[in-house]
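# Analysis of the macromolecular model
Each chain, letter by letter, is given below.
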Amino acid sequence: MFKQRYTYNPETCHYEPHFVSGKKVRNRLMVLMLFSFLLASGCYYFYLQTGEAIDLVQLKQSNRRLKSQWALLQDEMKQQKTELQKFIAEDDQLYRPILEADSLAKTERLAGVGGTLRIPEEVKAYPIIEHSLANALQMKHELTVEYESFEQLQKLVNTKTKQWASRPAIQPIDNQDLVFLYGTFGMRLNPVLGIYRLHKGLDFKAKTGTPIYATGDGEVLDAYYSDSYGNVVYINHGFGFETRYAHMVRFIVNKGEKVKRGQVIGYVGNTGTSAGEHLHYEVLYRGQHINPIHFFQRDLSNQEYQKLLELAKNNNTTLD
Ligand SMILES: [Zn+2]
């Protein structure tokens, strides 16, 4: 509501309405507008200055935090890379030699790295990020190769475990039951036939009824009576190995049966062409007879084994 102003007129001794001229009003309005403009400009300038300062502080804080996190990330990457290199070294220098597998060549480990290191164009503007990303991608590739390598080694372990379990590796007669071992592999005089012929195995002298053990995991290839071998069991161990157990008093496995190393398959006897109770034991590798004496590593100490080898050299007798 507009209020009428009054001024005292000394000449008339009265208060009279005060009128402001249009010019004065315009001038005042101009001054007011100018003042308003200056005030608004000042505020705006102050806002800009203050706002920028706040943004800068926040940016600096954010930058410090990012740098700190970045450093932690780099340390973590270094540690992971060191761990990966340990895995690779163990793979090449420990597991593969044990499993008789060739080491992976460096070229195989790095094969295809160039193709997998696809650095996005926008990242290439930041060398530090590009470098780290390249490192991370290379690690990813090496991990993939290592993972595949371990899968391959696992398959190899399974095969080797089966192979080791199948390989003839013990004596078919327990040392406690053994009366004498005729280490006679090769050309010998046959005591029954009275002629020299190839003696294809070893003769374990033991009492009739002494248990005979399968010397490795396998499958019974045959179990029958033969005029020469008497009651005989053939075991196929796979991986090229076969064993034969002859002159048994009886066998207790059948053709096609799976057997485990150390399983009793029959008992010592004197059947077939035999000059006394004993087990005639043969080992074949890829169809060729080999000296079973080389397959007793689980039963003998080094000294006992050397003694056995000496005995085998000098012993010229067989029981069949
Ligand atoms: Zn024999």
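Heads up: the structure comes first, above all this text.
Note on numbering: residues in each chain are counted from 1, in written sequence order. Confidence filtering applies because this is a predicted model: local features only for residues at pLDDT of at least 70, side-chain atom pairs given and counted only at 80 or more, and all residues used for totals across whole chains, interfaces and linings. Based on all heavy atoms of the structure, the side-chain values leave hydrogens and waters out of the count.

### Thoughts on the packing of aromatic side chains
- Aromatic contacts are taken between Phe, Tyr and Trp rings whose centres are within 6.5 Å, Trp giving its six-membered ring; a plane angle under 30 degrees counts as stacked, one over 60 as edge-to-face, and the others as tilted. Going through the model one piece at a time under the given rule, you end up with eight aromatic pairs.
- When the centroid spacing of 6.2 Å and the interplanar angle of 70° are considered together, the rings of Phe204 and Tyr281 count as edge-to-face. Here Tyr281 lies in strand β13 (residues 278-285) and Phe204 lies in strand β6 (residues 202-205), a separation of 77 residues in the sequence. Each member of the pair, Phe204 together with Tyr281, is buried.
- Ring centres of Tyr245 and Tyr281 lie 5.3 Å apart, and the angle between their planes is 40°; this geometry places the pair in the tilted category. Comment: elements are numbered from the N terminus, with helices defined as DSSP H or I runs of at least four residues and strands as E runs of at least two. Only protein chains enter the accessibility calculation, which uses a 1.4 Å probe. A residue is then buried if its area is under 20% of the maximum for its type, exposed if over 50%, and partly exposed in between.

### Structural notes on the coordination of the zinc ion
- For Na, K and Ca the donor cut-off is 3.2 Å; for every other metal, N, O and S atoms count as donors within 2.8 Å. Water does not enter the count, which can leave sites looking incomplete. Distances from the zinc ion to its protein donors, His199 (NE2), Asp203 (OD), His280 (ND1), Asp320 (OD) and Asp320 (OD), fall within 1.9 to 2.7 Å.
- One chain supplies every donor to the zinc ion, and in sequence these donors are spaced H-x3-D-x76-H-x39-D. Taken together, the residues span a long stretch of sequence, with His280 in strand β13 and Asp320 in the segment after α5 (302-314) at a distance of 40 residues.
- For His280, a relative accessible area of 4% translates into the label buried.
- Overall, Asp320 belongs to the buried group, its relative accessible area being 8%.

### Some thoughts on the pairing of strand β12 (residues 264-268)
- Two strands are said to pair when DSSP picks up at least two bridges between them. Taken together, the three bridges between strand β7 (residues 211-213) and β12 define a ladder with antiparallel strand orientation. Bridge pairing in β12 places Ile212 opposite Gly266.
- Across three bridges, the pairing between strand β10 (residues 241-251) and β12 is antiparallel. Each residue of the ladder has a partner; that of Phe251, found in β12, is Gly266.

### Overview of the pattern of salt bridges
- The salt bridge definition used is simple: a Lys or Arg side-chain nitrogen within 4 Å of an Asp or Glu carboxyl oxygen. By the definition in use, this model includes seven salt bridges.
- Between Glu219 and Lys258 there is a salt bridge; the shortest N-O distance is 3.3 Å. On the criterion of sequence distance, the pair formed by Glu219 in strand β8 (residues 218-226) and Lys258 in strand β11 (residues 258-259) is long-range, its members being 39 residues apart.
- Residue class for Lys258 comes out exposed when judged on its relative accessible area of 62%.
- Arg244 serves as the salt-bridge partner of Glu242, at 3.0 Å between the closest nitrogen and oxygen. Assigned by exposure class, Glu242 and Arg244 land together as buried.
- Counted as one network, the salt bridges with shared partners bring together Glu242, Arg244 and Glu282.

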